[in-house]
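Each chain is listed here by its residues.
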Amino acid sequence: MGEPILDIAGYSLDYATPTGFTRALDDVTLAIAKGEVLGLVGESGSGKTSLAWAIMRHLPKSAREAGSIRLTGQDLLKASEAEIEAIRGRRIGMVFQDPSTSLNPTLPLGEQLAEVLVRHRSLSRKQAWAEGEERLAHVGLKVPRQMMRRYPHEASGGEKQRVVIATAFACQPECIIFDEPTTALDVITARQILDLFKALQEETGVASLYISHDLALVSQIATRVAVIHRGRIVEQGGVGEVFARPQDAYTQRLLAAVPRPDHRLVEAAPETAGKPLVEVEKVSVLYGRKPFLGRLLGRANTQFTGNREVSLSVKPGEILGIVGESGSGKSTLAKAMTGLNRFEGEIRFAGRRITGLSDMDRAYRRDVQIIFQHPDSSLNPRQRIREILSRPLALYGEPGARKDAAAIGALLEQVRLPASYAERYPHQLSGGEKQRVAIARAFASRPKLVICDEITSALDVSVQASVIELLVDLQKRFGTAYLFITHDLNLVRQIAHRIAVMYRGDLVDLIDVAALSGADLHPYTRSLLAAVPAPATAAA
Amino acid sequence: MIEILRRMLRSPQGALGLVIVGLILLVVIVGPAFAPYDPEKMAPLMRYKPPSAQFWLGTDQYGRDILSRLLHGARATVLLAVLATALGTLVGAVVGTVSAFLGGRSDEAIMRTVDAIMSIPSLLLALLIVNLLGKSSLNALFAIALAFAPGMARVTRSVALSVRKQDYVNAAIARGESAAFIVGREMLPNVIAPIIVEMTIRVAFAVMLFATLSFLGLGAQPPASEWGLMVSEARRFMHLSPWMILWPSLAVALVAIGFNLLGDGLRDVLNPRS
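Residues numbered from 1 in each chain as written. Chains lettered and ligands numbered in written order. Predicted model: local features only at pLDDT ≥ 70, side-chain atom pairs only at ≥ 80, totals over all residues.

## Some details on the overall build of chain B
In terms of helices and strands, chain B carries 10 helices and 0 strands. The helix and strand sequence of chain B, counted from the amino end, reads α-α-α-α-α-α-α-α-α-α. Dimensions along the principal axes, computed over C-alpha positions, put chain B at roughly 75 × 45 × 25 Å. The buried share of chain B, reckoned over its 274 residues, is 47%. Look at the contacts in chain B between residues 6 or more apart in sequence, and 71% of them connect residues 24 or more apart. (Helix = DSSP H or I, 4+ residues; strand = E, 2+ residues; numbered from the N terminus. Buried ≥ 20, exposed ≤ 12 C-beta atoms within 10 Å, placed from the backbone. Contact = placed C-beta atoms within 7 Å.)

## Some words on the pairing of strand β1 (residues 6-17) of chain A
Moving residue by residue along a regular strand, the side chains alternate between the two faces of the sheet. Residue and element names in this part refer to chain A. Pairing between β1 and strand β2 (residues 20-32): 9 bridges, direction antiparallel. By the bridge assignment for β2, I8 is matched with L30. Two successive antiparallel strands, β1 and β2, enclose a turn made up of 2 residues. Pairing between β1 and strand β4 (residues 63-71): 8 bridges, direction antiparallel. Residue pairing across strands places Y15 opposite A63, the latter belonging to β4. (Pairing = 2+ DSSP bridges.)

## With respect to the environment of V28(B)
Residue and element names in this part refer to chain B. Its place among the elements puts V28 in helix α2 (residues 12-34). Placed 43 residues apart in sequence, V28 and L71 show a C-alpha to C-alpha distance of 7.5 Å. With near-sequence residues (within four places) excluded, V28 lies in contact with A74, R75, V78 and L79.

## Thoughts on the nonpolar core
Ranked by size, the top nonpolar core spans 229 residues in total, and within it Y210(A), L483(A), F484(A), I144(B), V207(B) and F210(B) carry the most contacts. Apart from the residues within four sequence positions on either side, L483(A) is in contact with V314(A), L320(A), I322(A), A334(A), L449(A), I451(A) and C452(A). (Core = buried A, V, L, I, M, F, W, Y, C linked by C-beta atoms within 7 Å.)

## Quick word on the interface of chain A and chain B
Each partner contributes to the interface: chain A provides 18 residues, whereas chain B provides 13 residues. In terms of residue count, the dominant contributor to the side of chain A that touches chain B is helix α16 (residues 385-396) of chain A (3 residues). Here the side of chain A that touches chain B is composed, by residue class, of 7 nonpolar, 6 polar and 5 charged. (Nonpolar A, V, L, I, M, F, W, Y, C, P; charged D, E, K, R; others polar.)

## Here we look at the pairing of strand β3 (residues 37-41) of chain A
Residue and element names in this part refer to chain A. The buried count for β3 comes to 5 of 5 residues, which makes it a mostly enclosed element. Burial along β3 is two-sided: V37, G39 and V41 and L38 and L40, pointing in opposite directions, are all buried. The pairing of β3 with strand β8 (residues 207-212) spans 5 bridges and is classified as parallel. Its bridge partner being in β8, L40 is matched across the sheet by I211. In this sheet, strand β9 (residues 224-229) lies alongside β3 in parallel orientation, the contact comprising 4 bridges. Within β9, the residue paired with L38 across the bridge is R224.

## What to know about unusual backbone geometry
Residue and element names in this part refer to chain A. One non-glycine residue with positive phi stands out, namely Q172, at about 45°. The topology assignment puts Q172 in the loop between α7 (157-169) and β7 (175-179). Unlike most non-glycine residues, E309 shows phi in positive territory, near 40°. On the secondary structure map, E309 appears in strand β12 (residues 304-314).

## A few points about the confidence of the model for chain B
The predicted model of chain B has a mean per-residue pLDDT of 85, with 98% of residues at 70 or higher. Mean pLDDT values over the elements of chain B span from 78, in helix α1 (residues 2-10) of chain B, up to 91, in helix α4 (residues 104-118) of chain B. (pLDDT = per-residue confidence, 0-100.)

## Quick look at the packing of α16(A) against helix α18 (residues 431-443) of chain A
Residues and elements named next belong to chain A. Close contact between α16 and α18 brings their axes to 8 Å; oriented N to C, the two are set at 25°. In terms of orientation, α16 lies roughly parallel with respect to α18. Between α16 and α18 lies a crossing of right-handed hand. Contact with α16, carried on its side by I385, I388, L389 and P392, involves V437, A440 and R441 of α18 and no other residues of that element. (Axes fitted to C-alpha atoms, helices over the stretch in contact; angles between N-to-C directions. Parallel < 35°, antiparallel > 145°, perpendicular 65-115°, else oblique. Left-handed = near helix turned anticlockwise from the far one by under 90°.)

## Some thoughts on the sheet that holds β3(A)
All names here are of chain A. Judged by pairing direction, the sheet is mixed, and its 6 strands sit side by side in the order β6-β7-β8-β3-β9-β10 without closing on themselves. Edge positions in the sheet fall to β6 (92-95) and β10 (232-238), since each has one partner strand and no second. Taking each pair of neighbouring strands and ignoring which way they run, the sheet shows an average axis angle of 15°. Along the sheet, α7 makes contact with β6 and β7, crossing β6 at roughly 175°. Contacts from helix α11 (residues 249-257) reach β9 and β10, with the element oriented near 100° to β9.

## Some details on the sheet that holds strand β15 (residues 352-354) of chain A
Residues and elements named next belong to chain A. With antiparallel pairing, 4 strands are arranged side by side in an open sheet as β12-β11-β14-β15. Single-partner strands in this sheet number two, and they are β12 and β15. Between one strand axis and the next, the sheet turns through 20° on average, direction left out of account. Relative to strand β14 (residues 344-349), strand β11 (residues 278-287) runs antiparallel, the two being bridged by 5 bridges. By the bridge assignment for β14, E279 is matched with R348. Packed on one face of the sheet, helix α13 (residues 330-337) meets β11, β12 and β14 and runs near 70° to β12.

As structure tokens, then:
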């Protein structure tokens, strides 16, 4: 290995807070050589993004630093403001997580790309536009000329991310920082962006720092990997080595938590002879109001289809996984089944027909519970945990049942939280603990069906593993059926008995999990399976 | 609560607002006890006296001590303004939250009605109501409350709309909670912070609106020592005895400034992003 392009030595970063300094990064030492991809893996709050901003020299005023960050020998910590401005974008590029927020919505895409070229390569505007078009063609955009003139809202997420990548590569920088560039994208789009990244990386030989929380993904693209935990690099080395023989206890825990489809967590499906618990029959959901005036004026119906005649059934005690990209109608179905969306069609629950919101009485609502994606937003920040958990008890509890502190303590212990948490507010809990409270709330009424709407996607892998373990445990204890909605195919293959695949509001596949490797699949399911990165150890 | 106070004191405008409003409230509570004279006792020999050791702020056209009148009038002026704002805020907050919760056509209907009321200037609306109900402090209070409610409803609705999208509201609906519970227990506590800020700033407007109504002869009636009324009565003697109009005007201005500063300070403290 030659002289490293980016050399970080003994770098520490503290943020000043009212209660003193908080350590964000602790003695970080990293080096990236030309043509190398260093994967930086860590959970949220581990300091990954702080490191990216430290390299870009864009830190808040409350930051205090020590150590050095060298770009081909030049210490960036000692560089003047003017020198940094010449380096940013020119010698170090950056690709952000969410292209819909990293692009300015009021400027055409071409303008934003050309600006970089005009500024750093002293091209005239005309030259810059021509060059920009070439760049866009280079990152695989089909119609670069039109794309230059489009505004961000006129392009898809994948197209926007391609533009951001083209911008980052535009000045042939020596080093590019990728901050979770595929996290905000759908599985299939993410796969395409990764392929593009690999191709560009090989072609330009740029030194890349690839930040991600997704171990499987890093194992596929990085040459070396560094694991960061609470601001410290706990382990770094070649990808094969770290993933096959992790030395540090934290890395081992992290790897063990990654979902693996071949490692099933639930027992075989309940016998198929049983009557289904819930049957969803041709349920359609339309968004938007019926245009009353529009109809009078003879305008076309502008309603948007959320679900189109979806039919499925769940047996008692069964876990049915629903997968699909964002906007495929997974959550829409969940909302229809819990009375949050108007729907057409019919739901049959334990033999009763439900054709609309008015049919959902107390008994139905008690038996069908929903857990939402973000525990931050599903728990009222102004209520104590005790208050949050007491509502379902008050609403559904049998007249003689206990509703006192002991009952709430029991609910908390059921989700492995100490009973003393009852007096806390949600903001005093961690993300995983909050989601446990949400689970406790859903199970308070002893439901027969629990709808889990992406409940682990806002959580870190290790927390996700413990939440899933809890869910599987509760399922074994109470025989509850789950409708498990997720975009993580690896995860759903671990716990579901059957899998439903949704695409643009349609249910395209409903198959047994064992049949997923079989032949008889919808083309969309096939491409979804192909796009999912294999779990980390597969690379070893 | 103590934490909020401590953070308030750290910002200059918050600290100053807190001090001014604290002083005003002190005057409202114990002011009359410290008044050196009876505020309504006329003294024909002591008319038009400029500020002196005997009468700190001078006397008016009937020989009444202005300091005593100001101390007594604080109760009527400030208390009524705060009550009127609180009433208007309560009505506005509930209407706004209910509107956001219902959504769709009901929301549309409620908000267009609010728009219609808002298109009438608040002073004009207050004048209209007082003229309909008759002249009195209580009616002025209702008039101001009603004039403030539409604005508060708008502010509340815009906050409540984002709360309405939160999953805890969805969870409550899925649980089968009543609409009253969702509005009262799930939504209102989460929109309260911006409402309190808005309310403090509006108290200043209410004081001025009250003074305006009294000035026009539609609020408090003589011989009450309401500050707006005092300004109105002193207007005729402005050139010969300027202190008569100066002190009550300054008092009104001080209250307005104090509540405005307090509102600014509260906004900074209660905004979680700062």
